[in-house]
Each structure stands twice: as C-alpha cells, then as structure tokens.
Amino acid sequence: MLENTNHAHQSPPELNTGRFFNDLSDPAFVIDPKTLTICQLNKSALRLKDDINQNNASQFDAEFLTGVSAVDLKAQIAELSSHDRDVVRLEVCHLDFEFDVSLQIMWSSGSEPLLVAIFRDVSARAGVDRKTNELVSTVSHELRSPLTAIKGAMGLILSGAAGDVSVKALQMVEIAQRNADRLILIINDILDLDKIKDGAMVFDNTEIELIETVNDSVEAIVGFRDRFDVQVDVDVQDEGLISNIDPNRIVQVLVNLLSNAIKFSPAGGRVTVQLKLHGQLNRISIIDNGEGIPVSDQKSLFGRFMQVGSKNRAATGGTGLGLSIVKAIVENQGGKISFESQEGVGSTFHVDLPAVVGKVAVKANKSGSD
Ligand code: ADP
C-alpha cells in the first residue's frame, strides 16, 4: 500500500501505481496537478521527506519539493498535459544533496491525470564535476598569459618585424596562430563562465522591449546565416514584451542559440525566433528543423565541452562551452533555459525571462498564435 500524506477529511486523487512504484529505488512522488499537493509517496520518497523536512511538515508541497514556483509548475504541467512535452527535467538541491528530477503526467483510466516526480540523487557526480571544473579553471587561468605571449610573438614574425622568414615557415606560423586564437577563445569562454558563476561579471540591466534584443541578435548573425544558406524569421505572437535585462548579454545568448540552430540546419533550411508570453514569463524560442539532439546526449547538453552530432567542429568554430555560458547568463538574469529536441526532426530552445510587472503584452494581430 502506498503512503498517503493527505489528511483524513480530504479525498485526494490516487494513482493505481502498484508494487513497482513503491519498490522503486529512486524517490517518487505523485502530485495533484490542480492543488500541487503531494498525494502519494513511495518508500524511498518517504525517507527523503523525513531527511529534508524534519521541522516543517506544512511546507511539504510540490513548490517546496521542486523549488519551482506554483505559476511555473502550472505552466509546465499545461505543456505536459497538452503533449507539447513528454517530460520536464529539473535540477533540485535539498540539504547537501543534488537531484535530477523528471516530471511526467500519468494518465489513469477514469480519473484526472496526475503528476509524477522521480528524484535521482546525482550528488556524487556533481561533486566530481565541481572538482573537474575547478581544475579546468585553474589550468585555463595559468595558460592565458603564456598563450597571449606566444600569439604576440607569432604576430611579430608574421608582420616581418622579426626579420626575413621563408614563405613555408610563414604559412606554418599562420596555422599556429589560428590554433592559438582557438585556444584563447576556449580559455576566455571558461574564464567568462567562472566569472558569471562567481557573480563577478558585471551585468548592466535595463527595462527593454525584447523585440529590440531579438532584432539585434538576428542582425548580428546575418553573415553566419548567409554562409550556411539558412533563412531566419522572427515570429511575434505577443507584442510589447518587456524584461529587465542586460541587452548585450541576452544578445550574446540569442546569437549563440541562433548560431547552433543555423549550424545544425540543412542548407536552404529555416530557423524561427518566436516571441510570446508564457505564463508570467516572456519566452523567446529558437526553433529549427535541423538534425536534432540524440536523447542520450540531452541530459548533459549544458555541461562544459559538450559536443554532439555529426558536424565538423573545427569548421563551425564551436568550443562546446556555448550552452554552459548561455545557461549561466540566463539564470543570472532570473530566467530559465529549456529545450525540446527530436533527432531528424529539429530542436527548440526556450529562453524564459521574468516579465516586467505592470507592462501589458498585446496579442499580435496574426493567425497561428496560441
Ligand atoms: P558549441 O560552441 O560547440 O556549439 P554549445 O555548447 O553551443 O557548443 O553546444 C553543445 C552541443 O549541443 C553542440 O556540439 C551541438 O552538437 C549540440 N547542439 C546545440 N544546439 C543544437 C541544435 N539547435 N541542433 C542540434 N544540436 C545542437
């Protein structure tokens, strides 16, 4: 029999989950999507509840459990219920533990759908990741100065300031300099990422209409777009969306997402930047019909040096750090990044930014809006 957290006078919805659910080694919670109360827990979830909620039982609802506000949870439940998404993944911390949480809707015959949250403890992996990142950061820091000196010396040789050099040697120095540029790019990306995470990067926030930021990003990517022969469209579903952001940093985010969408689209393909209200958040979505991301790679996509797919990285100039930086910037701005992708069909990356309260968005006068 499953444990029930509700009081006797309530009649909570119940999922006929069977023994499998109760014996699952990962903590699993069944949540009522309407009230966001937790109505069933398996054995492992009960232990987790005892660990993390020793003092304050009244707090123990879906918001507390997932760290996501009721408004955002409802928006995610709406997407799951309408089959726009199959699963929502969250990173959740409780005490010293870190969890990968998956939220899914379970449909049981004759009753309302219920939300199931399965927690996977990834604390050990997170600890190893942290140590690796620290090492990478230290090494990067130490490498930057000598590398800049090497690049400077090569620049002097190429400019002729170091005397005559054979044509063959010059060609080799040119290749070495291009590779040094690439290394410096990677090192600067790593150090940028650290700065954002440590709160040391300065953000210059201002209230701005997001369409301006979207248009600036699309303009910035024109050369790249033409090189890959991909069309980029802007689709404004709701007008007048305003957020308090650093426009330059959000342009950096959108340019990164757009360049990925373009890189992984076929020649002659189309990428769409969509702007709409999503619950109480402003959502910018970058939609492509490119090669998509294999399911096995999706979980670690925002990790450092993550590169998947078949494209030649040297040709496209990627470092595998772009999405980590994008995520760090968006989260610094109080937003969230998420994506959906299917191999062979395409990918959509969503950037959700807090809307400026009191500024009302207007539904664009066009068909196809939701
Ligand atoms: P890079 O700078 O190498 O592009 P990112 O961190 O931006 O690195 O992206 C990480 C990996 O995610 C890329 O190697 C790419 O394979 C995959 N990826 C990102 N966006 C898309 C997309 N729109 N379509 C397909 N794959 C993508």
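Because the structure is a prediction, the values reported are computed rather than measured.

Each value, and the rule that gives it
Residues numbered from 1 in each chain as written. Predicted model: local features only at pLDDT ≥ 70, side-chain atom pairs only at ≥ 80, totals over all residues. Heavy atoms only, no water. Core = buried A, V, L, I, M, F, W, Y, C linked by side-chain atoms within 4.5 Å. Buried < 20%, exposed > 50% of the residue type's maximum accessible area, 1.4 Å probe, protein only. Helix = DSSP H or I, 4+ residues; strand = E, 2+ residues; numbered from the N terminus. Domains from an automatic or database assignment. Contact = heavy atoms within 4.5 Å. Pairing = 2+ DSSP bridges. Axes fitted to C-alpha atoms, helices over the stretch in contact; angles between N-to-C directions. Parallel < 35°, antiparallel > 145°, perpendicular 65-115°, else oblique. Left-handed = near helix turned anticlockwise from the far one by under 90°. Phe/Tyr/Trp six-rings, centres within 6.5 Å; stacked < 30°, edge-to-face > 60°. Lys NZ or Arg CZ within 6 Å of the ring centre and 35° of its normal. Polar contact = N/O pair within 3.5 Å; in protein donor to acceptor, adjacent residues only side chain to side chain. Salt bridge = Lys/Arg side-chain N within 4 Å of Asp/Glu carboxyl O. Patch = residues over 30% accessible without salt bridge, like charges linked within 9 Å, V, L, I, M, F, W, Y side chains within 5 Å. Areas by Shrake-Rupley, 256 points an atom, 1.4 Å probe, with all protein chains shown as cover. Lys, Arg positive; Asp, Glu negative; His and termini not counted. Charge placed at Lys NZ, Arg CZ, Asp CG, Glu CD.

Re the nonpolar core
Soluble globular proteins tend to pack their nonpolar side chains together in the buried interior. Of all hydrophobic cores here, the largest spans 44 residues; its most connected members are Leu257, Ile284, Ile286, Phe349 and Val351. Broken down by element, this core gets its largest block of residues, 7 residues, from helix 9 (residues 247–263). Both domain 2 (126–198) and domain 3 (206–369) contribute no fewer than three residues apiece to this core. In contact with Phe349, not counting residues within four places along its chain, are Leu257, Ile284, Ser285, Ile286, Ile293, Leu301, Phe302, Leu323, Ile337, Ser338 and Phe339.

Here we look at unusual backbone geometry
Backbone geometry at Leu36 places phi at a positive 65°, although glycine is not the residue there. In this fold, Leu36 is placed in the loop between strand 1 (28–31) and strand 2 (38–41). Despite not being glycine, Asp229 has its phi angle at roughly 55°, a positive value. With respect to the helices and strands, the residue Asp229 is situated in the loop between helix 8 (222–228) and strand 7 (231–236).

Regarding the sheet that holds strand 4 (residues 97–106)
In spatial order, the strands read 2-1-5-4-3; together these 5 strands make up an open sheet with antiparallel pairing. In the strand order of this sheet, the two ends are held by strand 2 and strand 3 (88–94), each with one partner. On average, adjacent strands in this sheet sit at an angle of 30° to one another, irrespective of strand direction. Two strands pair when backbone bridges link them, and strand 1 and strand 2 are joined in this way by 3 bridges, in the antiparallel orientation. Each bridged residue has a counterpart across the sheet, and for Ile31 the counterpart in strand 2 is Ile38. Contacting strand 3, strand 4 and strand 5 (114–121), helix 4 (residues 70–81) crosses the sheet at an angle of about 45° to strand 4.

Here's the deal with the packing of helix 6 (residues 167–197) against helix 12 (residues 322–332)
Packing of helix 6 against helix 12 brings their axes to within 10 Å, and their N-to-C directions diverge by 20°. Classed by the angle they form, the pair helix 6 and helix 12 counts as roughly parallel. At the point where helix 6 passes helix 12, the crossing takes the left-handed sense. Within the contact between the two elements, helix 6 uses Asp189, Leu193 and Ile196 and helix 12 uses Ser324, Ile325, Ala328, Ile329 and Asn332.

A word on the sheet that holds strand 12 (residues 336–342)
The sheet built from 5 strands is open, its strands ordered 7-10-11-13-12 with mixed pairing. Each end of this open sheet is capped by a strand with a single partner; those strands are strand 7 and strand 12. The mean inter-strand angle of the sheet, taken between neighbouring strand axes irrespective of direction, is 15°. Direction of pairing for strand 10 (residues 270–278) relative to strand 11 (residues 281–288): antiparallel, over a ladder of 8 bridges.

Side note on helix 12
Extensive coverage of helix 12 is indicated by the burial of 9 of its 11 residues. What helix 12 keeps buried is the set Gly322, Leu323, Ser324, Ile325, Val326, Lys327, Ala328, Ile329 and Val330. The inward-facing, buried residues of helix 12 contact strand 3, helix 6, helix 9, strand 12 and strand 13 (346–354). Downstream of helix 12 by a residue or two, Gly334 has a phi angle that is positive, lying close to 80°.

Describing the packing of aromatic side chains
Inspection of the entire model under this criterion finds 8 aromatic pairs. The interplanar angle of 65° and the centroid separation of 5.3 Å between the aromatic rings of Phe29 and Phe119 together place this pair among those described as edge-to-face. Residue Phe29 is located in strand 1, and its partner Phe119 is located in strand 5; the two are separated by 90 residues in the primary sequence. Both residues of the pair, Phe29 and Phe119, belong to the buried class. Through a chain of ring-to-ring contacts, three or more aromatic side chains come together here, namely Phe29, Phe60, Phe64, Phe97, Phe99 and Phe119. Sitting over the face of the ring of Phe60, Lys49 holds its NZ or CZ atom 5.5 Å from the ring centroid.

Description of the environment of Ser159
Mapped onto the elements of the fold, Ser159 is located in helix 5 (residues 123–159). Put simply, Ser159 and Leu170 are 11 residues apart on the chain and 9.8 Å apart in space, counted from C-alpha to C-alpha. A distance of 2.9 Å separates the side chain of Ser159 from the backbone oxygen of Leu156, its partner in a polar contact.

Some thoughts on the pattern of salt bridges
Considering all chains together, one arrives at 11 salt bridges under this definition. The residue Asp226 makes a salt bridge to Arg225 at a minimum N-O spacing of 3.0 Å. Members of the salt-bridge network, linked through shared partners, are Glu79, Arg283 and Asp352.

Notes on a negative patch on the surface
On the surface, Glu209, Glu212, Asp216, Glu219 and Glu239 cluster together into a negatively charged patch. Residue contributions to the negative patch peak at 3 residues, all from helix 7 (residues 210–220). The class of Asp216 is partly exposed, set by a relative accessible area of 44%.

Let's talk about a nonpolar patch on the surface
A cluster of nonpolar side chains, namely Leu135, Val139 and Leu143, defines an oily patch on the protein surface of about 270 Å² accessible area. Its relative accessible area of 41% is what places Leu143 among the partly exposed residues.

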